[in-house]
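Listed below are the residues making up each chain.
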Amino acid sequence: MKSIKKMVLPITLSASVLTLGACGNGSDNSGDTLVESKAGNVTSQDVLDKMGNNEVAQNAFQIVLNKVLKDKYDDKVDTKKLDKQVDKQIEQYGGKKKFEEALQQEKPGATLEDFKDSQKTSKYQEEFINDAVKVSDKEIDKNTKKGSHILIKVKSKDSQDGMSDKAAKKKADDILAQIKKNPDDFEKIAKKETQDEGTKSKNGSLGFVMKGQMDEAFEKALFKLKDGEISDVVKSQYGYHIIKADKGEASKKEKESLKEQYRQLKIQKDPKIIINAYKKLLDEYKVDYKDKEIKKSIEDNILNEKALQQQQMQAAQQQSAS
């Protein structure tokens, strides 16, 4: 088991829409000659024709979206601070040359300026999502709970790392009996007994758990508990748990992180939220697609609920495999 928590995937419209690997300056040079030869010249239009409508549409949309986001949110983003953060990363890598070598391995052809621009675009995107999906402190308080657990794994078809169901249940029952005798020893017992490697070093602590992130049975049990209470043995898809509701409120930094996670969960549950927000933004900036095929491609493959859901599924599969 990699984690008791379900994955919260970052929301993007397209794999290539919000990166800066193919940024252009927006000039119209579709007829320019790029390469000359005795056998014939190659124009920019030849290249566009070779790429195909979908790829052209994605790159065109990417460029216009980057321009719109920059115009809308540039005054809200401290770009100088972001540049300083990149400079610090360069220093940690041992200098500009080593950083650029690492950048080339990650994305061949990318430049340092591309990387700096991508950091800014990510921040513009973050500001946009914050505007598009409002999350209140009240929502976070209602939908999050601080918790710890002790897990005794059960073998399954997907994982042989565990015990038989009967043996795991008995072990969990024995541990619960220990805890009932000495409830204050929960953390010490969790560190010794839990088989969740992700929380073992943290005495079983999961931090703040959000509704919709966890195994359903686990989540139901945790959110029933009052602060300081300990559950009976709970069966989940991973094995048997003993769960404790921890006391403590989220710090300002933790609450902001929880809000971001909750926004992502809301969008995953209802992709129309973000699709409609993008459409509204593009209408505000009077974005007009002059080519009908490009427009159709954007509507079918980018500003499309099913396309976004498919991208989320692919991202989940990639993250699960990593």
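Up top is the structure these notes are about.
It should be emphasised that the depicted structure is a prediction, and the values quoted were computed from it without experimental measurement.

**Considering the overall build of the protein**
Item 1. Per the secondary structure count, the protein includes 14 helices and six strands.
Item 2. Counting all 322 residues of the protein, 35% fall into the buried class.
Item 3. In the protein, the share of contacts with a sequence separation of at least 24, taken over all contacts with a separation of at least 6, comes to 71%.
Item 4. As displayed, the protein offers around 19,700 Å² of accessible surface, 47% of which is attributable to carbon and sulfur atoms.

**Some words on the pairing of strand β6 (residues 239–245)**
The two faces of the sheet receive side chains in turn, since in a regular strand these alternate between them.
Item 1. Buried residues dominate β6, accounting for seven of its seven residues.
Item 2. Two strands pair when backbone bridges link them, and strand β3 (residues 144–153) and β6 are joined in this way by seven bridges, in the antiparallel orientation. Bridging across to β6, Ile152 finds its partner in Tyr240.
Item 3. Bridging between strand β5 (residues 230–235) and β6 involves four bridges; their strand directions are antiparallel. In the strand pairing of β6, Ile230 is matched with Lys244.
Item 4. Remark: three residues form the turn of the hairpin made by β5 and β6, two consecutive strands paired antiparallel.

**Looking at the sheet that holds β5**
Item 1. Taken in spatial order, the four strands of this open sheet run β4-β3-β6-β5, and their pairing is antiparallel. Edge positions in the sheet fall to β4 (205–210) and β5, since each has one partner strand and no second. Taken over all neighbouring pairs, the strand axes of this sheet differ in orientation by 35 degrees on average, direction set aside.
Item 2. The sheet strands contacting helix α11 (residues 252–269) are β3 and β4, and the helix crosses β4 at an angle near 50 degrees.

**Looking at helix α5 (residues 112–132)**
Item 1. A rise of 1.5 Å per residue sets the reference length of α5, with its 21 residues, at 30 Å; its end C-alpha atoms lie 30 Å apart and thus fit the reference within 8%.
Item 2. Three or more residues of α5 are buried, namely Leu112, Phe115, Lys116, Ser118, Lys120, Thr121, Tyr124, Gln125, Phe128 and Ile129.
Item 3. Buried residues belonging to α5 abut α2 (53–73), α3 (79–93), α4 (96–106), α11 and α12 (272–284).

**Here's the deal with the packing of aromatic side chains**
Item 1. All chains considered together, the criterion is met by three aromatic pairs.
Item 2. When the ring of Tyr93 is compared with that of Phe99, the centres are 5.3 Å apart and the planes differ by 85 degrees; the resulting orientation is edge-to-face.
Item 3. An angle of 45 degrees between the planes, with centres 4.4 Å apart, marks the rings of Phe128 and Tyr278 as tilted. With Phe128 in helix α5 and Tyr278 in helix α12, the pair connects residues that are 150 residues apart, well separated along the chain.
Item 4. Taking the relative accessible area as the measure of exposure, Tyr278 reaches 1% and is therefore buried.

**Side note on the environment of Ile90**
Item 1. Assignment of secondary structure puts Ile90 in helix α3.
Item 2. Residue Ile90 is classed as buried on the basis of its relative accessible area of 9%.
Item 3. Dropping the residues within four chain positions of it, Ile90 is found in contact with Gly95, Lys96, Phe99 and Leu112.

**Looking at the environment of Lys123**
Item 1. With respect to the helices, strands and loops of the structure, Lys123 is situated in helix α5.
Item 2. A relative accessible area of 33% places Lys123 in the partly exposed class.
Item 3. For the pair formed by Lys123 and Asp78, sequence separation is 45 residues and the distance between their alpha carbons is 9.2 Å.
Item 4. Setting aside residues no more than four positions away along its own chain, Lys123 makes contact with Val77 and Leu82.

**What to know about α12**
Item 1. Along its 13 residues, α12 runs 18 Å from first to last C-alpha, staying within 8% of the 18 Å computed at 1.5 Å per residue.
Item 2. Of all the positions in α12, only Ile274, Ile275, Ala277, Tyr278, Leu281 and Leu282 are classed as buried. Buried residues of α12, seen end-on, are gathered within an arc of 160 degrees and therefore sit on one face of the element. Away from its buried face by more than 90 degrees, α12 exposes Lys280 and Asp283.
Item 3. Once α12 finishes, Lys286 follows within two positions and takes phi at roughly 50 degrees, a positive value.

**Focus on unusual backbone geometry**
Item 1. A positive phi angle is found at Asn203, which is not glycine, with a value near 55 degrees.
Item 2. By secondary structure assignment, the location of Asn203 is in the loop between α9 (197–200) and β4.
Item 3. In this structure Asn203 comes out as partly exposed when scored by relative accessible area, which is 23%.
Item 4. A positive phi is found at Lys286, a non-glycine position, where the angle reads about 50 degrees.
Item 5. Summarising the element assignment, Lys286 is placed in the loop between α12 and α13 (292–301).
Item 6. On the basis of relative accessibility, which here comes to 71%, the residue Lys286 falls in the exposed class.

Reading the values: the criteria
- Residues numbered from 1 in each chain as written.
- Predicted model: local features only at pLDDT ≥ 70, side-chain atom pairs only at ≥ 80, totals over all residues.
- Heavy atoms only, no water.
- Helix = DSSP H or I, 4+ residues; strand = E, 2+ residues; numbered from the N terminus.
- Buried < 20%, exposed > 50% of the residue type's maximum accessible area, 1.4 Å probe, protein only.
- Contact = heavy atoms within 4.5 Å.
- Areas by Shrake-Rupley, 256 points an atom, 1.4 Å probe, with all protein chains shown as cover.
- Pairing = 2+ DSSP bridges.
- Axes fitted to C-alpha atoms, helices over the stretch in contact; angles between N-to-C directions.
- Expected span 1.5 Å × (residues − 1).
- Phe/Tyr/Trp six-rings, centres within 6.5 Å; stacked < 30°, edge-to-face > 60°.
- Arc of directions from axis to C-beta.

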